[in-house]
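# Examination of the molecular architecture
Letter by letter, the chains look like this.
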Amino acid sequence: MAAPDQGDLAPLPYAEIGELFVVLSKALRAHQLYDENNPVYQRFVSQLAEALRGLWQDMDRFHVHVEEDRFLWMGEQVYRSTSRTDSLAFLLYKDGIRDFTFHPGLEEHELTDLLLVLNKARDLRPEGDDLLTVLWEKDLQYFTYSYIDLLAEGIHLPSAGEGYGGGFQDIIQAELQADPEDLAAAKQGVEGEQGETREASVVSAEDFNPTLYSLDPLEMQRIQSEVELEMRRDLRGDVLAALFDRVEEPRFPQRQQEILEVFRALLPNLLSRGSLRAAGSIIEEIARLRASENALAPEQRALAEEILDQLSGSGSMGELINALEDGTISPDPVELAALLRHLRAGALKPLLRGAEGVEDRKIKAVIQDAVKSIGSKYFEAIIDCMGSEDPVVVVGACSLAGKIQLAEAAPLVADLVYHEVPSVRLAAVEAALDLKASTAATALQEALTDPDRAVRIAAARALGALRYRPAAQAFKEVMERKAIRAADISEQIAFFESYGLVQDPEGVRFLDGFLNGRGFLGRKETGEIRACAALGLGKIGTPEAMAALEKARGGEDPVVRSAVNRALRGEG
Amino acid sequence: MTARASQPPKDSARLQDVGRKVLSAFYAALRSLKLYPLENSAVQRALDDLHRLLYELVEQEGGMELRIVGDFFFLNETRLRLDLSNYSTFGSFARALSDHGLGAVEVLPGIDRAEWAPFLSLLLREPGGVDPYEAFMVAMGGAPILHIQVVPTKEVKEPELEEEALHAAKRTYAQSVRVAQEALTDVRMGRAVNVRKVKRAVQGIVDQVLANEPSMITMTTLRDYDEYTFTHCVNVSIFSVIIGQRLGLDRVQLYELGLGALFHDLGKSRIDVGIINKPASLDEAEWFELQQHPIEGMLALFHLHGFSEVPYRQMLMAYEHHMRIDLAGYPKNRRRRSPTLFSRIVAVADAFDAGTSIRSYQYQPSPPDVVLEEMRDNPSRGMDPVLVKALINATGVYPVGTLAILDTLEMAVVTGVQRDLDKLHQPVVKVISDSMGVPMAEPLTLDLSERDPDSGLPIRTIIKTVEAERYGVQVSDYLL
C-alpha cells in the first residue's frame, strides 16, 4: 500500500502519530526503570506495539525527519521536547541521525532491541560508543536511518591525477629487453594482430592451475572449524600469556613497569567478574617474579610488592568477599584457593568476614584454610583483627588465635571476655581455653555470671577444662543462687560438672549437700539439681565423692538414680 | 548523507533464506542427474524438491528470476551472499550457468515439473562451440521447455564501479586514513585516542566492503594520498575484511577483524620515528627495536579508553601479526602459543600491502602478482597458505592496480577481478597505451577472458607485470 505522502490516501491524524511518540517515550522510561518481567514495563511495550500495528493499516512504512528538538512527519511536527536530557529527538540528532523509518514487523521482532539501543545511547560515555556505533552493532532490520557523519566533516577526498605524462614505449622496451621470453611472447601477439593466425601465448589457460587459487572442500572445512575455534578462544588467557612472557625480560624495565601497572588495573576487573583463574595466574606470576632474584629491578620489585599488598587490602578482598557472600560470583573452589594462597596480612580482615558470611560450604572451607595460612604467617594481623570494630572479625580472630596457639593474643583474649557483643565474649572464652591462658582466668570467672547463657556455659566449661581451682568460690556463689535453679539443664550440668573438675577441697561436702542434704523445711533439692550434683561428684571421683554417691543410690527419683549410676560408673 | 537499507527487511530475509534453498535444490538436482539416470529415485526426489520449491516461490512472487552478477546471485532483486557454507554449491551452479553463457534464469508461472529434467540436462551438456549461449538457445528450442527462460551473460550487467559506490569508497577511505593518522599520532604524543571515531571508520570499511568490495580494493591502490604509515593501516584493514568476508565471517566478526587490522601497527607509534622512516637498511640494534612494535602495540591498546570490553582480540592481532605460522617470526615466546586466525589474516593482508607499497627503504615494490606468488609459494614467508588463497580469490592473480604489458605491447592497468576461478588470471583491464606506447586519450576497458570469435583465442594476454612506481606511474590515476 502506498505511503500517505504519495497523495493517494488520506493522511493519518497527526495527533495519533504524536501519541505514538508519547507512548514510545513512556516505554523507554519503563525500560529504564523496570526489568522485562515487570507488568508495568510489559504494559507500555504492548501499548507501543499496538500503536505501531495501527500504523500499518494505512502505510507500509513510517518515515520521520529528525530535527534538533522535534520530529516531523509529512512536514508536520509530531513530537517535540524542550528538555534535552529527556528529548528523544535530541538523542538522535546529536549523533547525526537526520531521519529514520519504522518498518512493519518492528513491533514483532525488534521493539525491545530498539528500546535497549535508545536507552543505552542515553548512558554512553563521551569517549566511548555513540548511538551510531551501537545501532551498527545491533544491525536492526526493521528500524533504518540515515545520518550525517559528523566525524567525517572536512575530509579531503582522493581524486584521479592526470595520468602518466610520457609515452610508455621506453618502459615497455626496458621491461622486455630484460626478459627475452616475454619479448618472444610479445612478438607472437603482435604477429597475430597483423592478420596471421596467432598461436597460443606463453601464458595460456593450460598453464593456469585454478586449484592453486580455489579453496578445496577440506580447506573450507578447516577454515570453518578455525572460525568456530576463534570465537571460542580464551583470548584473555592468550594475552596474559603474552604479558607474562614479556614481563620476564629484565632488559626492559620500563616495559616491566608498564605490564605490572596493567596487571594492577586488570585485577579488580577480573575479581569483580569472578574470573579468579585469570586473577590467580596474574598473582602467581607477580609472586614468582618477586621471589626471583634477578627478575625485577628495585623499582619494579617495589611495584610488585605494592600490588600484592593492594590485592590483599580490604578494598579488593572486601569486594571479593561481598560478591561471594551475596552469590554474585560462584567460583571454583580450587581457583579460589589458588588466588588466596598469595594473600598477605591485609586480607585477613575481609577473609575473616567471609569465613563467617559465605554460605557455600566448600567456599567457606577454602576461605578458612586461607585464614589459617595467613594467620600463621602474619601474627600481627591477628592481633590487629582482634582490635577491629567489626565483631565478626574479632570473633574470627579470636578463634584463629586459639587454633594456632598464638600466645601473644592471650592478654587481648582476656580483655575481650568483657566485650559488649556476646559472640565476641564467647569467642574469647573459647580462645582462652585453646590458649590455656591463665591470664584470662580472672575474666573467665567473671564470665560465669555473664548475661549471655552461651558465654556462661563456655566459661564454666573452660574453667573446668583448665582445672582452675581458684574459680571454685565463684562457682559456689553461682550454684548457691536461685538463678542456677532457673537455668536450663545444660547450663546446670555445665556448672556442676565443671565445679567438680576444678577440684575444690570442699567440693565433696558442697555437692553432697545438694545430693543428699535437706534444705529449708527439710526439703530435698529438685531432681535436676541433685542429678547435676551427682555428675559433679562423679567428676571429683575421690573415694569420698563415691561414698556420697552411694548414699544416693537406690533413691526414688529416676533422674537422680540415673545420674548417680552414671557418675559411679565414671561416665559423662 | 549516508543511507541504510530501505528494502522491506522481512521480505529480504525471507528471500535470502529461500534463495539459498533454491540454489541448493538446483545444485542437488544437477548433481544427481550427472551421477544417475533420470529414472533413479534420487534424481526424481531432487526434481520433486526443486519443483515444489520453485512452484511455491513463483506462485507467491508471480515469477522468479535468478541472476548472477559478479560475486553475487540475485533472487528477484534480493542479493544472496556467498560464504563458506555455500561456496561450493553456489560456485558449481554458477559455473554451470556461465559455461553456457547464461547470466540469468527466469521461471514463469505455470511451470511444469516435466520441464526441469530437459533444462538441467542441457546445463550438463558440454558448452557449444564459439557462442555457447547461442548453442544453448538452439538446444532449448528443441526441448519441451515453455516456462523457463534464460538471459545471456552479456545482457546481465556486471556491476562496474558506479559513481556512487566509488564516491562512497573514497569517503570511507579518506575518513579511515584521517582516523588512522589521528590515532597513531595521538598515541605517539601520549594523548587520548578517540576510539569512537576509529570504530565508526572500521564500521564504514565493513559496510563498504560488503556493499561494493571492488571499490575498496581500488582505494588500496592509492599511493601518494597520505603518509604510508596511515594508508597502510587502512589498507591492511580493508584487505583483512575482504579475506574475512571470503571466509564467511559475519558483520560483527568482520568489524572485530577490521578494528584489529587498523590497529595492528599501533606499536610503531612508540618506536623512534627515525627508525620507522630510515631510508637505508636497519642495523642490528635498530632492527631489534623495530621488532618490539608488536609488543608495544599490544600494550598501547591497554591504554585506549572507549571500549566496552578490553580489546583482547585486537591486542593479539597487534602482538602476533609478525609471528608467522611456524612461529619463526617475532616476538619469540616462552609459553606455548598459536597465532589466532584473525592474527594470521592480518599477517597476510599486511605482507601483501607492505610488499606492494613504496616505503622509506623500498622505493621499488614488486608488482602485486609477484608478491602474491611469493606469499603463496615461499613457505619461509610464514603465511597461512589457505588465507593467501582467500586473498587471491578476492584480488585475482593480477590484483586491481597491477600495471601490465599485454602481448600486443599495449600497456594496461588491471581494473577488475574475475569471479570465475578458472579465469582469475584473465582480469578486466584498462588499456592505457597502444602498441606503440602512445598513451590513449580514452583508455579502453577489456575483459581478458573474452575470446576472439574467429580464432577462439583470448583477445589479449598479460605477458609481464611492471613495477609501476619504478617508472613513476600512478595506477590510481586510471582507477578513480
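About the criteria used
- Residues numbered from 1 in each chain as written.
- Chains lettered and ligands numbered in written order.
- Predicted model: local features only at pLDDT ≥ 70, side-chain atom pairs only at ≥ 80, totals over all residues.
- Heavy atoms only, no water.
- Helix = DSSP H or I, 4+ residues; strand = E, 2+ residues; numbered from the N terminus.
- Buried < 20%, exposed > 50% of the residue type's maximum accessible area, 1.4 Å probe, protein only.
- Contact = heavy atoms within 4.5 Å.
- Areas by Shrake-Rupley, 256 points an atom, 1.4 Å probe, with all protein chains shown as cover.
- Lys, Arg positive; Asp, Glu negative; His and termini not counted.
- Charge placed at Lys NZ, Arg CZ, Asp CG, Glu CD.
- Expected span 1.5 Å × (residues − 1).
- Axes fitted to C-alpha atoms, helices over the stretch in contact; angles between N-to-C directions.
- Parallel < 35°, antiparallel > 145°, perpendicular 65-115°, else oblique.
- Left-handed = near helix turned anticlockwise from the far one by under 90°.
- Nonpolar A, V, L, I, M, F, W, Y, C, P; charged D, E, K, R; others polar.
- Pairing = 2+ DSSP bridges.
- Arc of directions from axis to C-beta.
- Buried area = accessible area lost by both parts, 1.4 Å probe.
- Salt bridge = Lys/Arg side-chain N within 4 Å of Asp/Glu carboxyl O.
- Polar contact = N/O pair within 3.5 Å; in protein donor to acceptor, adjacent residues only side chain to side chain.
- pLDDT = per-residue confidence, 0-100.
- Phe/Tyr/Trp six-rings, centres within 6.5 Å; stacked < 30°, edge-to-face > 60°.

Moving on to the overall build of chain B. Summing up its helical and strand segments, chain B has 16 helices and eleven strands in all. By its C-alpha atoms, chain B is 75 × 60 × 45 Å across when sized along the principal axes. Within chain B, the fraction of its 480 residues that count as buried is 59%. Here the contacts in chain B between residues at least 6 apart in sequence split such that 67% fall between residues at least 24 apart. For chain B, the exposed area adds up to about 19,100 Å²; of that, 51% sits on carbon and sulfur atoms. For chain B, the distance from the average position of its 51 positive side-chain charges to the average position of its 64 negative side-chain charges is 7 Å.

Right, let's get into helix H12 (residues 276-291) of chain A. Since there are 3.6 residues in each turn of an α-helix, residues three or four apart along the chain are aligned in direction. Residues and elements named next belong to chain A. If you check H12, its first and last C-alpha atoms are 22 Å apart, about what 16 residues at 1.5 Å a residue would give, namely 22 Å. Those residues of H12 that sit buried are Leu276, Ala278, Ala279, Gly280, Ile282, Ile283, Glu285, Ile286, Ala287 and Leu289. Next to the buried residues of H12 lie helix H10 (235-247), helix H11 (253-272), helix H13 (298-312), helix H14 (314-325) and helix H15 (333-340).

Let's shift gears to the packing of helix H24 (residues 472-480) of chain A against helix H26 (residues 489-501) of chain A. Relative placement of two packed helices is described by the angle separating their axes and the distance separating the axes. Residue and element names in this part refer to chain A. Running from amino to carboxyl end, H24 crosses H26 at an angle of 150°, the nearest separation of the two axes being 10 Å. Accordingly, the angle class assigned to the pair H24 and H26 is roughly antiparallel. As H24 packs across H26, the resulting crossing turns out to be left-handed. Residues Ala472, Phe475, Lys476, Val478 and Met479 of H24 form the contact with H26, whose participating residues are Phe495, Phe496, Ser498 and Tyr499. Of the residues contributing to the contact of H24 with H26, the split by class is seven nonpolar, one polar and one charged.

Let's shift gears to the pairing of strand S2 (residues 64-69) of chain B. All names here are of chain B. A large share of S2 lies buried, amounting to six of its six residues. For S2 and strand S5 (residues 102-107), the ladder comprises four bridges, and the chain directions are antiparallel. The partner of Met64 across the bridge, within S5, is Val107.

Turning our attention to helix H29 (residues 543-552) of chain A. All names here are of chain A. Looking at H29, one finds that the buried residues are Ala545, Ala548, Leu549 and Ala552. The arc that holds the buried residues of H29, viewed along the axis, is 100°, so those residues lie on one side. Along H29, the residues that are exposed and aim more than 90 degrees away from the buried face are Pro543, Glu544 and Lys551. Tucked inside the fold, the buried residues of H29 contact helix H27 (507-516), helix H28 (527-540) and helix H30 (558-569). Downstream of H29 by one or two residues, Gly554 has phi in the positive range, about 85°.

Moving on, we get to the environment of B:Arg20. Residue and element names in this part refer to chain B. Among the secondary structure elements, Arg20 is positioned in helix H1 (residues 9-35). Relative accessible area serves as the criterion here: at 29%, Arg20 is assigned to the partly exposed category. Between the C-alpha atoms of Arg20 and Asp207, which are 187 residues apart in sequence, the distance is 22 Å.

A regular strand places its side chains on the two faces of the sheet in alternate fashion. Residues and elements named next belong to chain A. Along strand S1 (residues 62-66), the buried face is formed by Phe62, Val64 and Val66; none of His63 and His65, which line the opposite face, is buried. Direction of pairing for S1 relative to strand S4 (residues 97-102): antiparallel, over a ladder of four bridges. Counted as the bridge partner of His65 is Asp99 from S4. Here S1 pairs with strand S2 (residues 70-73) via two bridges, running antiparallel. The partner of Val66 across the bridge, within S2, is Phe71. Between S1 and the antiparallel strand that follows it, S2, lie three residues.

Each partner contributes to the interface: chain A provides 97 residues, whereas chain B provides 109 residues. In total, chain A and chain B occlude about 9,500 Å² of area from one another, counting both sides; carbon and sulfur atoms represent 60% of this. Taken together, chain A and chain B are joined by 16 salt bridges. Between chain A and chain B we count 35 residue pairs in polar contact (both at pLDDT 80 or more) in total. If one sorts the elements of the side of chain A that touches chain B by residue count, H10(A) sits on top with ten residues. Of the residues belonging to the side of chain A that touches chain B, the class tally is 44 nonpolar, 20 polar and 33 charged.

Another point: the sheet that holds strand S9 (residues 428-433) of chain B. Taking strand neighbours across the sheet as the criterion, the five strands line up as S10-S9-S8-S7-S11 (chain B) in an open arrangement whose pairing is antiparallel. Each edge of the sheet is formed by a strand with only one pairing partner; in this case those strands are strand S10 (439-447) and strand S11 (462-466) of chain B. Strand-to-strand twist in this sheet, taken as the mean axis angle between neighbours without regard to direction, amounts to 35°. Relative to the sheet, helix H7 (residues 169-178) of chain A contacts strand S7 (403-406), strand S8 (411-416), S9 and S11 of chain B, its axis offset from that of S11(B) by approximately 105°.

This next bit is on the pattern of salt bridges. Residue and element names in this part refer to chain A. Taken as a whole and judged by the stated rule, the model has 64 salt bridges over all chains. For the salt bridge of Arg53 with Glu50, the shortest nitrogen-to-oxygen distance reads 2.8 Å. Note that Arg53 and Glu50 are positioned in helix H2 (residues 39-56) at a spacing of three residues, about one turn of the helix. Since its relative accessible area comes to 33%, Arg53 is described here as partly exposed.

Residue and element names in this part refer to chain B. Relative to the helices and strands, Arg460 resides in the loop between S10 and S11. Take Arg460: its relative accessible area is 16%, and that puts it in the buried class. There is a polar contact of 2.5 Å between the side chain of Arg460 and the side chain of Glu410.

Residue and element names in this part refer to chain A. Residues with a pLDDT of 70 or more make up 91% of chain A, whose mean pLDDT is 87. When pLDDT is averaged over each element of chain A, H10 comes out on top at 96 and helix H8 (residues 180-193) at the bottom at 56. Predicted confidence is poor over residues 1-9, with pLDDT under 50, and the contacts of this stretch with residues over four places away or in other chains come to 17 contacts. With pLDDT under 50 throughout, residues 190-206 is counted as low confidence; its partners more than four residues away or in other chains account for 30 contacts.

Once that is clear, we can look at the confidence of the model for chain B. Residues and elements named next belong to chain B. For chain B, mean pLDDT is 87; residues scoring 70 or higher make up 91% of the total. No element of chain B has a lower mean pLDDT than strand S1 (residues 2-3), at 49, and none a higher one than helix H13 (residues 312-320), at 98. Taken together, the stretch residues 3-10 has pLDDT below 50 and engages in 16 contacts with residues farther than four places along the chain or on a different chain. Overall fold confidence for the complex sits at a pTM of 0.78, while the interface term, ipTM, reaches 0.77.

Per the stated rule, a full pass over the model turns up 26 aromatic pairs over all chains. Seen from their ring centres, A:Phe21 and A:Phe71 are 5.0 Å apart, and the 50° between their planes marks the pair as tilted. Here A:Phe71 lies in strand S2 and A:Phe21 lies in helix H1 (residues 14-33), a separation of 50 residues in the sequence. A relative accessible area of 1% means that A:Phe71 is categorised as buried. Between B:Phe119 and B:Phe136, the ring centres sit 6.1 Å apart and the planes meet at 90°, which makes this aromatic pair edge-to-face. Residue B:Phe119 is found in helix H4 (residues 116-124), and its partner B:Phe136 is found in helix H5 (residues 132-141); the two are separated by 17 residues along the sequence.

All names here are of chain A. H15 packs onto H12 with a crossing angle of 25° between their chain directions and a minimal axis gap of 8 Å. Classified by the interaxial angle, the pair formed by H12 and H15 is roughly parallel. Classified by chirality, the crossing of H15 by H12 is left-handed. Contacts between H12 and H15 involve Leu276, Arg277, Ala279, Gly280 and Ile283 from the former and Glu335, Leu336 and Leu339 from the latter. Here the contact of H12 with H15 is built from residues that sort into five nonpolar, one polar and two charged.

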